[in-house]
Amino acid sequence: QLQLVESGGTLVQPGESLRLSCKTSQYTLEYYAVGWFRQSPGREREEISCISHDGEQRHYIDSVKGRFTISRDNAQNSAYLQMDGLKPEDTAVYYCAADLFGDCSKAQEATEYNYWGQGTQVTVSS
């Protein structure tokens, strides 16, 4: 089974930047779309960004568009989420997930993804 590990979450102040990483060391990511999700207490898990297996398709929800950038490095079996201009409402546990040849032309539901990381906490507070 594909194992994903997120890292990079921490406490930051509003307006600052953070980069999250998602990596697998056992299997290649080159055939998988990678989605980034976040979940806050009492809220449903939502996909905030997705990148296709070849990096040609990218999707962002409106609330992060222009602030977050998704990327990947298949040679490193890694995907990244660069988060700029962070806001308190960005506070959540962030998860990466993989979907074999997933469609990143639009937002996908969590049920579309087969493999998940354990999550990393991002807290934006002054």
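Up top you'll find the structure we're talking about.
A short tour of the structure in this document, coming up.

Conventions and cut-offs
- Residues numbered from 1 in each chain as written.
- Predicted model: local features only at pLDDT ≥ 70, side-chain atom pairs only at ≥ 80, totals over all residues.
- Heavy atoms only, no water.
- Helix = DSSP H or I, 4+ residues; strand = E, 2+ residues; numbered from the N terminus.
- Rg over C-alpha atoms; globule rule 2.2 N^0.38 Å.
- Buried < 20%, exposed > 50% of the residue type's maximum accessible area, 1.4 Å probe, protein only.
- Contact = heavy atoms within 4.5 Å.
- Areas by Shrake-Rupley, 256 points an atom, 1.4 Å probe, with all protein chains shown as cover.
- Lys, Arg positive; Asp, Glu negative; His and termini not counted.
- Charge placed at Lys NZ, Arg CZ, Asp CG, Glu CD.
- Phe/Tyr/Trp six-rings, centres within 6.5 Å; stacked < 30°, edge-to-face > 60°.
- Polar contact = N/O pair within 3.5 Å; in protein donor to acceptor, adjacent residues only side chain to side chain.
- 1 Å grid on protein atoms, 1.4 Å probe; cavity = no way out; pocket = protein on both sides within 12 Å on 5 of 7 lines; lining within 4 Å.
- Points joined across faces, edges and corners; volume = space filled by probe spheres on them.
- Salt bridge = Lys/Arg side-chain N within 4 Å of Asp/Glu carboxyl O.

**Here's the deal with the overall build of the protein chain**
Link 1 in the chain: Looking only at helices and strands, one finds zero helices and 11 strands in the protein chain.
Link 2 in the chain: Reading the protein chain from its N terminus to its C terminus gives the helix and strand order β-β-β-β-β-β-β-β-β-β-β.
Link 3 in the chain: On C-alpha atoms alone, the protein chain measures out to a radius of gyration of 13 Å, which is about the 14 Å that the 2.2 N^0.38 rule sets for 126 residues.
Link 4 in the chain: Expressed as lengths along the three principal axes of its C-alpha atoms, the size of the protein chain is roughly 40 × 25 × 25 Å.
Link 5 in the chain: In the protein chain, which comprises 126 residues, the share counted as buried stands at 45%.
Link 6 in the chain: Sequence-distant contacts in the protein chain: of pairs separated by 6 or more residues, those separated by 24 or more amount to 61%.
Link 7 in the chain: Counting only carbon and sulfur atoms, one obtains 43% of the accessible surface of the protein chain, whose full area is about 6,500 Å².
Link 8 in the chain: Between the mean site of the 11 positive side-chain charges and the mean site of the 17 negative ones, the protein chain shows a separation of 4 Å.

**Describing the packing of aromatic side chains**
Link 1 in the chain: What the rule picks out here adds up to six aromatic pairs.
Link 2 in the chain: Note on Tyr-32 and Tyr-115: the rings are 6.0 Å apart at their centroids and 75 degrees apart in plane angle, and the pair reads as edge-to-face. With Tyr-32 in strand S4 (residues 32-39) and Tyr-115 in strand S10 (residues 115-116), this pair connects stretches of sequence that are 83 residues apart.
Link 3 in the chain: Seen in terms of ring centroids, Tyr-113 and Trp-116 are 6.2 Å apart; in terms of plane orientation they differ by 65 degrees. Their pairing is edge-to-face.
Link 4 in the chain: A network of ring pairs unites the aromatic residues Phe-37, Tyr-95, Tyr-113 and Trp-116 as a single cluster.

**Thoughts on the side chain of Thr-24**
Link 1 in the chain: Position of Thr-24 among the secondary structure elements: in the loop between strand S3 (18-23) and S4.
Link 2 in the chain: A polar contact is formed between the side chain of Thr-24 and the backbone oxygen of Gln-3, at a distance of 2.9 Å.
Link 3 in the chain: Other than its neighbours up to four places away in sequence, Thr-24 contacts Leu-2, Gln-3, Leu-4, Leu-29 and Asn-77.

**Comments concerning the layout of surface pockets**
Link 1 in the chain: In this structure, the largest pocket spans a volume of roughly 160 Å³.
Link 2 in the chain: Arg-38, Gln-39, Ser-40, Arg-43, Glu-44, Glu-46, Pro-88, Glu-89 and Thr-91 are the residues that line the largest pocket.

**Quick notes on the pattern of salt bridges**
Link 1 in the chain: What the rule picks out here adds up to four salt bridges.
Link 2 in the chain: Note that Arg-38 is salt-bridged to Glu-46, the shortest N-O span being 3.2 Å.
Link 3 in the chain: The salt bridge partner of Arg-38 is Asp-90, with a shortest N-O separation of 2.9 Å. Linking Arg-38 in strand S4 with Asp-90 in the loop between strand S8 (78-83) and strand S9 (92-100), this pair joins segments that are 52 residues apart in sequence.
Link 4 in the chain: We classify Arg-38 as buried; its relative accessible area is 8%.
Link 5 in the chain: The network of salt bridges with shared partners includes Arg-38, Glu-46, Arg-67 and Asp-90.

Distances and angles like these do not, on their own, reveal function.
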